[in-house]
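Single-letter residue listing:
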Amino acid sequence: MELQTTWFFLWGLLWAVYFITDGFDLGIGSIYPFIGRRDEERRIMLNVLGPLWDGNEVWLITAGGVTFAAFPLVYAVMFSSLYSALMLILFALILRGVAFEFRSQVDDPRWRAVWDICVFAGSSIPALLFGVAFANIFRGLPIDNNGVFQGNLLTLLNPYGLLGGVLFVMLFLVHGSLWLAIKTPDPLHRRARDLARRLWLPLVAVAVGFLIASAYATRLYENYLAHPALFGIVVWTVVALLAMRWFIARERLLAAWAASAATIAGAVFFGIAGLFPNLYPSSLDPAWSLTAFNASSSPLTLKIMLTVVAVFIPVVIAYQVWAYRLFHAKITAGDLAYEEAY
């Protein structure tokens, strides 16, 4: 039971790390056509992401791999019930990566305009659908006793699911705006900073709405009421949100970005803590829910995988720390002259 609990926590942690790292990529891509007013500015935005975006998506592969290895039944049911949404996310992410590489290959405004649309769509669609998917998991999905999903893509687009999608989009927009402000000179720096400031209050409104809606649409608060210490996660998230605004006002943008990362982690763990031990709750009958205990791999598999994670996750973290330190400088127009530049 301790192994399953440990893996449940790791499962949530890896998703949180993915949303923190790739979240600013998706956020920058979502504001890309609105903040970048000239071709040079848009190229600068792409090169802010250039050295980091593919490394950030390693965490998506890791989170998916952990789901497959530790909770194979959840993986099977998730990828069958959420097939349409997950395939849309996959195709959007592929389209975004292709757009990064192809955009500057032809010096034609029409060619670049097409790939600019692809960057926007390939960033905003995953941001929305990840939120929709996780909100529906928090709410519970109509899966029967055989793990068969009794619905379709439109079933996921319920009011609570869409509210979760809007929350994720807002989180990523602020997260991406702050990272862009950190990594670029004026006028991009100023526009991105001001956008983060303007989006903060709508983010708070959506987050409060999501907390209230969760009391009616989900059973998340049952765990919180049974274990009041869990409300510390909500307090953590509120403090992080307030700290973000305080740091933005004082031009401490790296600290504001860290507060944004803490807010994203708090939002994810708000749901994860409320779900436990459910990984994939059924809205048809709680007895049909997939939990950390009835859907896990064998104890031996979990022990072997824990060893693998203990060895390789620090390696991935060390590589990413090195990459972020190596490319810590602001991106300027002069950097666009390099052959490797987008």
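Residues numbered from 1 in each chain as written. Predicted model: local features only at pLDDT ≥ 70, side-chain atom pairs only at ≥ 80, totals over all residues. Heavy atoms only, no water.

This brings us to the overall build of the chain. Per the secondary structure count, the chain includes 14 helices and 2 strands. Against the 2.2 N^0.38 benchmark of 20 Å for 342 residues, the chain shows a C-alpha radius of gyration of 20 Å, consistent with a compact globule. With respect to the three principal axes, the spread of C-alpha positions in the chain is 60 × 40 × 35 Å. Expressed as a percentage of its 342 residues, the buried residues of the chain come to 54%. For the chain, the proportion of contacts with a sequence separation of at least 24, taken over those separated by at least 6, is 79%. (Helix = DSSP H or I, 4+ residues; strand = E, 2+ residues; numbered from the N terminus. Rg over C-alpha atoms; globule rule 2.2 N^0.38 Å. Buried < 20%, exposed > 50% of the residue type's maximum accessible area, 1.4 Å probe, protein only. Contact = heavy atoms within 4.5 Å.)

Moving on: the packing of aromatic side chains. Under the counting rule described, the total for this entry stands at 35 aromatic pairs. Consider the rings of F168 and F172, whose centres lie 5.8 Å apart with planes at 70°: the pair is edge-to-face. Of this pair, F168 and F172 are both found in helix α9 (residues 159–183), 4 residues apart, which corresponds to roughly one turn of the helix. A single burial state applies to F168 and to F172, both of which are buried. Judged by centre distance (5.6 Å) and plane angle (40°), the ring pair of Y224 and F270 falls under tilted. You can see Y224 sitting in helix α11 (residues 221–226) and its partner F270 sitting in helix α13 (residues 253–275), a full 46 residues away along the chain. Both residues of the pair, Y224 and F270, count as buried. Through pairs of rings, three or more aromatic residues link up here, namely W15, Y18, F19, F130, F134, F138, F168 and F172. The ring of Y32 carries R42 above its face, with NZ or CZ at 5.7 Å from the centroid. (Phe/Tyr/Trp six-rings, centres within 6.5 Å; stacked < 30°, edge-to-face > 60°. Lys NZ or Arg CZ within 6 Å of the ring centre and 35° of its normal.)

With 9 of its 11 residues buried, helix α2 (residues 39–49) lies for the most part within the structure. Here α2 has its buried residues at E41, R42, R43, I44, M45, L46, N47, V48 and L49.

Relative to the assigned elements, T332 resides in the segment after α14 (299–326). Aside from chain neighbours lying at most four places away, what touches T332 is I44 and P185.

When the terminal C-alpha atoms of α14 are compared, their 40 Å separation across 28 residues agrees well with the 40 Å that a helix rising 1.5 Å per residue should span. Where α14 bends most, at V309, the angle is about 25°. Turning to α14, its buried residues are L302, V309, I313, Q320, A323 and Y324. Buried residues belonging to α14 abut α1 (2–35), α3 (53–56), α4 (58–70) and α9. (Expected span 1.5 Å × (residues − 1). Bend = angle between axes of the 7 residues up to and from the residue.)

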